[in-house]
Amino acid sequence: MTDTTTRDDPTSNTKPSSIWGGRFRAGPSEVMEQINPSIDFDQRFYAQDIAGSRAHTAMLVNQGVISHQDGSDIARGLDRVEREIAEGQFTFSRALEDIHMNVEARLTELIGDTAGRMHTARSRNDQVATDFKMWVRETIDHIDSALAALQTALIDQAERNADVVMPGFTHLQAAQPITFGHHLMAYVEMVGRDRGRFGDCRSRLNECPLGSAALAGTSFPIDRNQTAVALGFNGPTANSLDSVSDRDFALEFLAASSICAIHLSRFSEEIVNWTSAQFNFIKLTDAFTTGSSIMPQKRNPDAAELVRGKCGRIIGALNALLVMMKGLPLAFCKDMQEDKEPLFDAADTLELCIAASVCMIQDMSANAKAMRAATDLGFTTATDLADWLVRTLNMPFRIAHRVTGAVVKVAEDKGLRLEQLDLDDLQAIEPRITGEVYAVLDPARSVASRTSFGGTAPDNVRAAARAARERFSLNRHTK
């Protein structure tokens, strides 16, 4: 949103609060003025807050609670307030605490006391819950689109590298040959689950709290279905107490964000490893690397390291909200004002990390030669040898495993790769081994043989890429 200013309104502690009317004889202390307002951060809700007020006012008019003229004046005034905020012409006041009172106060300046009718049959408790849900819902939609772009970038690279052989790792030790495309497609699946979690969160949060009022509902003849539909919800929430005290949707959003951030962090760790001189599997251009102030040869993968590091902020936001909510009784408590800043920061951080990840994936180029050479280290076709013994010699796998281990030991002692061993070396361990075994010891042939569903064979990778574009509705993101 456009940057706006926030005005510090010094309020004497002998002056009654303009918000609370006649209940309080004196205003808040200076410390209270610092700790109590939320306008510095909840002004981000201005569009949602005004949309909620429009829908609520229209419903009040429709139900005969307020007049058509009052409804028209309120709607006209809200349009003016929204324009002022969007254009950066609105001055927010901490003395008015939050976005709700700031909007209402400016509306009162514009249309007079009629503005106060807008608050009939509602409370700031159901207002903020509605605003917050709408904001999270819109943010989920933005994140889903960004994650679809991330999947598309991964699939594009996977298709380009479907035949590139590299070592697969367990325990960060060379395990079996795979293709680079297959490795990238693993992250497509992770991101798909992330999108599913955000989608589940969106589905569950899409019930409208507006009209629950402070905690007990209202005696006015309101139509909560009308406001729910007008604001894009599936319907109204069922219990007024739960409506104003529920922050499950925020927790669920942060949980989904944390898991997604972990996936981004894991991929960033891969990039950090792959760009090192010791791996040299991929290269990033100058756009996503930095140098050193003292070591002129350095090319540091700072974008990846920052994505990896920012994961902690998102997880921290989830922990903060979990701890804040764990001891709260029903219904609304002011503690819940602390739900927004960590969630805003987490959402902003996640969107930035997704964008950076998309750009790095599009930017990176694979070093197929280095990847292929790395498969010659660590006896990565040992499992292929064991499988050959099972298929060809009808050995039980456990015996084949033991025989293969003995072959690996000989190769290790001689400083040779498995395919460099003489047939005599192999037959000294198992006399029935024939020269046909060398066909399975080549990493490229090993990869090509892994044709089971979900396997690493190049044709599998290409088929999986096509299927993923369809399954995750990515065709509109394809170039």
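Residues numbered from 1 in each chain as written. Predicted model: local features only at pLDDT ≥ 70, side-chain atom pairs only at ≥ 80, totals over all residues. Heavy atoms only, no water.

A. Local environment of the overall build of the protein chain. Along the backbone of the protein chain there are 18 helices and eight strands. Since a compact globule built from 479 residues should have a radius of gyration of about 23 Å, the 31 Å found for the protein chain marks it as more spread out than a globular shape. Counting only C-alpha atoms and orienting by the principal axes, one finds that the protein chain spans roughly 100 × 55 × 45 Å. Within the protein chain, the proportion of its 479 residues that are buried is 48%. (Helix = DSSP H or I, 4+ residues; strand = E, 2+ residues; numbered from the N terminus. Rg over C-alpha atoms; globule rule 2.2 N^0.38 Å. Buried < 20%, exposed > 50% of the residue type's maximum accessible area, 1.4 Å probe, protein only.)

B. Here's a closer look at the pairing of strand β4 (residues 173-179). Pairing geometry for strand β3 (residues 165-170) and β4, over six bridges, is antiparallel. Each bridged residue has a counterpart across the sheet, and for M166 the counterpart in β4 is I178. (Pairing = 2+ DSSP bridges.)

C. Spatial organisation of the packing of helix α11 (residues 302-325) against helix α12 (residues 340-363). Two elements in contact, α11 and α12, have axes separated by 9 Å at closest approach and are oriented at 155°. Here α11 lies roughly antiparallel to α12, going by the angle between them. Once α11 is placed against α12, the crossing between them reads as left-handed. Along the contact surface, α11 presents A303, A304, V307, K310, R313, I314 and A317, while α12 presents P342, D345, A346, T349, L350, L352, C353, A356, S357 and M360. Grouping the constituent residues of the contact of α11 with α12 by class yields twelve nonpolar, two polar and three charged. (Axes fitted to C-alpha atoms, helices over the stretch in contact; angles between N-to-C directions. Parallel < 35°, antiparallel > 145°, perpendicular 65-115°, else oblique. Left-handed = near helix turned anticlockwise from the far one by under 90°. Contact = heavy atoms within 4.5 Å. Nonpolar A, V, L, I, M, F, W, Y, C, P; charged D, E, K, R; others polar.)

D. Local environment of helix α4 (residues 68-86). Over its 19 residues, α4 extends 27 Å from the first C-alpha to the last, a length consistent with the 27 Å expected when each residue adds 1.5 Å. Those residues of α4 lying buried are D70, G71, D73, I74, G77, L78, V81, E84 and I85. For α4, the angular spread of buried residues about the axis comes to 160°, placing them on one side. In α4, the exposed residues that point more than 90 degrees away from the buried face are H68 and Q69. At its buried positions, α4 is contacted by α3 (46-62), β2 (91-93) and α5 (99-111). Within two residues after α4, G88 carries a phi angle of roughly 75°, on the positive side. (Expected span 1.5 Å × (residues − 1). Arc of directions from axis to C-beta.)

E. Quick peek at the state of the cysteines. All chains considered together, the criterion is met by zero disulfides. In this structure C260 is not part of a disulfide, and its nearest cysteine sulfur, from C353, lies 9.0 Å away. A relative accessible area of 1% places C260 in the buried class. No disulfide involves C359; its nearest neighbouring cysteine sulfur is the one of C353, lying 12 Å away. A residue is classified by how much of its surface remains accessible, and C359, at 31% relative accessible area, is partly exposed. (Disulfide = S-S within 2.5 Å.)

F. Region of interest: a nonpolar patch on the surface. Among the surface-exposed residues, L215, L241 and L330 lie close enough to one another that they form a single nonpolar patch of about 270 Å² accessible area. By the secondary structure assignment, L330 is in the loop between α11 and α12. (Patch = residues over 30% accessible without salt bridge, like charges linked within 9 Å, V, L, I, M, F, W, Y side chains within 5 Å. Areas by Shrake-Rupley, 256 points an atom, 1.4 Å probe, with all protein chains shown as cover. Salt bridge = Lys/Arg side-chain N within 4 Å of Asp/Glu carboxyl O.)

G. Inspection of the packing of aromatic side chains at higher detail. Evaluation of the coordinates by the stated rule reveals eleven aromatic pairs. Between F45 and F344 the ring centres are 5.5 Å apart and the planes differ by 75°, which places this aromatic pair in the edge-to-face class. Separated by 299 residues along the polypeptide, F45 in the loop between α2 (39-42) and α3 and F344 in helix α12 bring together distant segments of the chain. This pair shows no difference in class: F45 is buried, exactly as F344 is. With 5.2 Å between their ring centres and 85° between their planes, F279 and F281 make a pair best called edge-to-face. Given the relative accessible area of 24%, F279 is considered partly exposed. Judged by relative accessible area, F281 falls into the buried class, the value being 2%. Three or more aromatic residues joined by ring pairs form one cluster here, namely F45, F132, W135, F249 and F344. (Phe/Tyr/Trp six-rings, centres within 6.5 Å; stacked < 30°, edge-to-face > 60°.)

H. Spotlight on the packing of α4 against α5. Their axes nearest at 9 Å, the elements α4 and α5 cross at an angle of 120°. Comparing their axes, α5 and α4 come out oblique. Two packed elements cross with a definite hand, and for α4 against α5 that hand is right-handed. The segment α4 lies against α5, with D73, I74, R76, G77, L78, R80, V81 and E84 engaging V103, R106, L107, L110 and I111. Grouping the constituent residues of the contact of α4 with α5 by class yields seven nonpolar, one polar and five charged.

I. Up close: the confidence of the model for the protein chain. Taken as a whole, the protein chain shows an average pLDDT of 92; of its residues, 92% reach a score of 70 or greater. For the stretch residues 9-14, pLDDT sits under 50, and the model shows 15 contacts to residues farther than four places along the chain or on other chains. (pLDDT = per-residue confidence, 0-100.)

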